[in-house]
Amino acid sequence: MANLHILSGPDTGLSFKLKGGVNYIGRSRENDIEIKDETVSRRHLRIFKKSEMYFVMDLGSRNGTFMNGNYLAPGIEVQIKKNEPIAIGMTIAGIGNEACPPLLPLLDSLGLTQMTGSSSGFFLVHKERTNQKKLELVYKVSDLLQRTSSKGDMLETLLDTFLVFLERIDRAVFVLIKPGTTEIAQSISKSKGNRGGIPCGFPEKIVARVLSEKKPLIINDTRNGTTEGELAGTLEIENIASVLCIPMMSFSELVGVLYMDSLGTPYPFAKEDVILFADIANRTAAFVLCENLTDG
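Rules and cut-offs
Residues numbered from 1 in each chain as written. Predicted model: local features only at pLDDT ≥ 70, side-chain atom pairs only at ≥ 80, totals over all residues. Heavy atoms only, no water. Axes fitted to C-alpha atoms, helices over the stretch in contact; angles between N-to-C directions. Helix = DSSP H or I, 4+ residues; strand = E, 2+ residues; numbered from the N terminus. Parallel < 35°, antiparallel > 145°, perpendicular 65-115°, else oblique. Left-handed = near helix turned anticlockwise from the far one by under 90°. Contact = heavy atoms within 4.5 Å. Pairing = 2+ DSSP bridges. Salt bridge = Lys/Arg side-chain N within 4 Å of Asp/Glu carboxyl O. Phe/Tyr/Trp six-rings, centres within 6.5 Å; stacked < 30°, edge-to-face > 60°. Buried < 20%, exposed > 50% of the residue type's maximum accessible area, 1.4 Å probe, protein only. Core = buried A, V, L, I, M, F, W, Y, C linked by side-chain atoms within 4.5 Å. Nonpolar A, V, L, I, M, F, W, Y, C, P; charged D, E, K, R; others polar.

1. Regarding the packing of helix 2 (residues 130-145) against helix 3 (residues 151-165)
Working step 1: Their axes nearest at 10 Å, the elements helix 2 and helix 3 cross at an angle of 170°. Classed by the angle they form, the pair helix 2 and helix 3 counts as roughly antiparallel. In terms of crossing hand, the pair formed by helix 2 and helix 3 is right-handed. Of the residues in helix 3, those in contact with Lys-133, Glu-136, Leu-137, Lys-140, Val-141, Leu-144 and Leu-145 of helix 2 are Met-154, Thr-157, Leu-158, Thr-161, Phe-162 and Phe-165.

As structure tokens, this is what we get:
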């Protein structure tokens, strides 16, 4: 009989043996498996076994159940495979005989094994579904990168996706460099609609710093007096309130940077936001290198 392993959330590290037949899961003690997560409904979902296969059904939960790239429709049975992540509220779990070892490196790389999810800056607007929204974004990006598309079209689609998920980000840019240099070869940028006539672009000094140091640069509030003088003037002139700029690396090869900012109003970035988007930036870097080889 398999176990339900809790991989992220207040009960991280716990495992519960699934009994034959139906298992009810939720916050209430009346369930077969009690999850001590305030974002989980009192009776959230059920897991049941049929002919050696496991199925899940969301029971009309408040924050939903996310699995295999989609939110489950309440009352519908869906098969769940072993070692497949399932997110209920802030909790991520998996079914397996062991503690889902294939999942742990992925969740760790996205900051999902940390206990800071509820304070994540990017996803603060979804604070009770932060881990679900992270997984949703990762599934979306992974799906896009597997599709057949030109490099330019793919990068534009990714930027559009970021702006949809990150409600308070105003601009997102991919800046690509010439191989073996830090010289900018191309930039693809998107802004959120025509909010106040937002220009597409990026501050070159920020990008040059990240390309040179190959380290993420985060500025949560450009107006708090802690920004370096060299950068403060540029950001003030362009009315940039917050910045996140991440190097795009494929193993040791630098491909460019992913740049995002908010204008007018400061935006709180969190450490786990950087972890998540560093992973996305590196996945994109591998795609760009592959496309460059194809073009060559």
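2. Focus: the sheet that holds strand 5 (residues 45-50)
Working step 1: The five strands lie next to each other as 4-3-5-6-9, forming an open sheet whose pairing is mixed. For this open sheet the edge positions go to strand 4 (33-34) and strand 9 (78-80), each flanked by a neighbour on one side alone.

3. Some thoughts on the pattern of salt bridges
Working step 1: For the coordinates displayed, the defined rule picks out 14 salt bridges.
Working step 2: A salt bridge links Lys-190 to Glu-156, with the shortest nitrogen-to-oxygen separation between them at 3.7 Å. With Lys-190 in strand 13 (residues 184-191) and Glu-156 in helix 3, the pair connects residues that are 34 residues apart, well separated along the chain.
Working step 3: Among the ionic pairs, Asp-160 bridges to Lys-190, the shortest N-O distance being 3.5 Å. Taken together, the residues Asp-160 in helix 3 and Lys-190 in strand 13 connect sequence positions 30 residues apart.

4. A look at the sheet that holds strand 1 (residues 3-8)
Working step 1: A sheet is described by the order of its strands in space; here six strands give the open sequence 2-1-11-10-7-8, paired in antiparallel fashion. Since the sheet does not close on itself, it has two edges, and those belong to strand 2 (15-17) and strand 8 (70-71), each with one partner.
Working step 2: Strand direction decides the pairing type here: strand 7 (residues 65-67) and strand 8, joined by two bridges, are antiparallel. Bridge pairing links Met-67 to Asn-70 in strand 8.
Working step 3: The sheet strands contacting helix 2 are strand 1, strand 7, strand 8, strand 10 (86-88) and strand 11 (91-96), and the helix crosses strand 7 at an angle near 25°.

5. Details of the packing of aromatic side chains
Working step 1: Here the structure, examined in full by the defined rule, presents six aromatic pairs.
Working step 2: Between the aromatic rings of Phe-66 and Tyr-71, the centroid separation amounts to 4.9 Å while the plane-to-plane angle is 65°, which identifies the pairing as edge-to-face.
Working step 3: Using a relative accessible area of 1% as the deciding quantity, one classes Phe-66 as buried.
Working step 4: Ring centres of Tyr-267 and Phe-269 lie 5.6 Å apart, and the angle between their planes is 50°; on these two criteria the pair is classed as tilted.
Working step 5: Classification of Tyr-267 by relative accessible area gives buried; the value is 2%.
Working step 6: Site record: aromatic cluster; members linked through ring pairs are Phe-66, Tyr-71 and Tyr-139.

6. Considering the nonpolar core
Working step 1: One finds Leu-137, Leu-158, Phe-162 and Phe-277 to be the most contacted residues of the largest nonpolar core, which totals 45 residues.
Working step 2: Mapped by element, the contributors of at least two residues to this core are helix 1 (103-109), helix 2, helix 3, strand 12 (171-177), strand 15 (240-250), strand 16 (253-263) and helix 6 (271-295).
Working step 3: The dominant element in this core, judged by the number of residues it contributes, is helix 6, at nine residues.
Working step 4: If near-sequence neighbours (up to four positions away) are discounted, Phe-162 is found in contact with Leu-137, Val-141, Phe-174, Leu-258, Phe-277 and Ile-280.
Working step 5: Counting 20 residues, the second largest nonpolar core, distinct from the first, contains Leu-235, Val-243, Leu-254 and Tyr-259.

7. Considerations on the packing of helix 4 (residues 204-213) against helix 5 (residues 229-237)
Working step 1: For the pair helix 4 and helix 5, interaxial distance at closest approach is 9 Å and the crossing angle is 140°. Comparing the axis directions of helix 4 and helix 5 gives the class oblique. Contact with helix 4, carried on its side by Lys-205, Ile-206 and Arg-209, involves Glu-230, Leu-231, Thr-234 and Leu-235 of helix 5 and no other residues of that element.
Working step 2: For the contact of helix 4 with helix 5, a count of residues per class yields three nonpolar, one polar and three charged.

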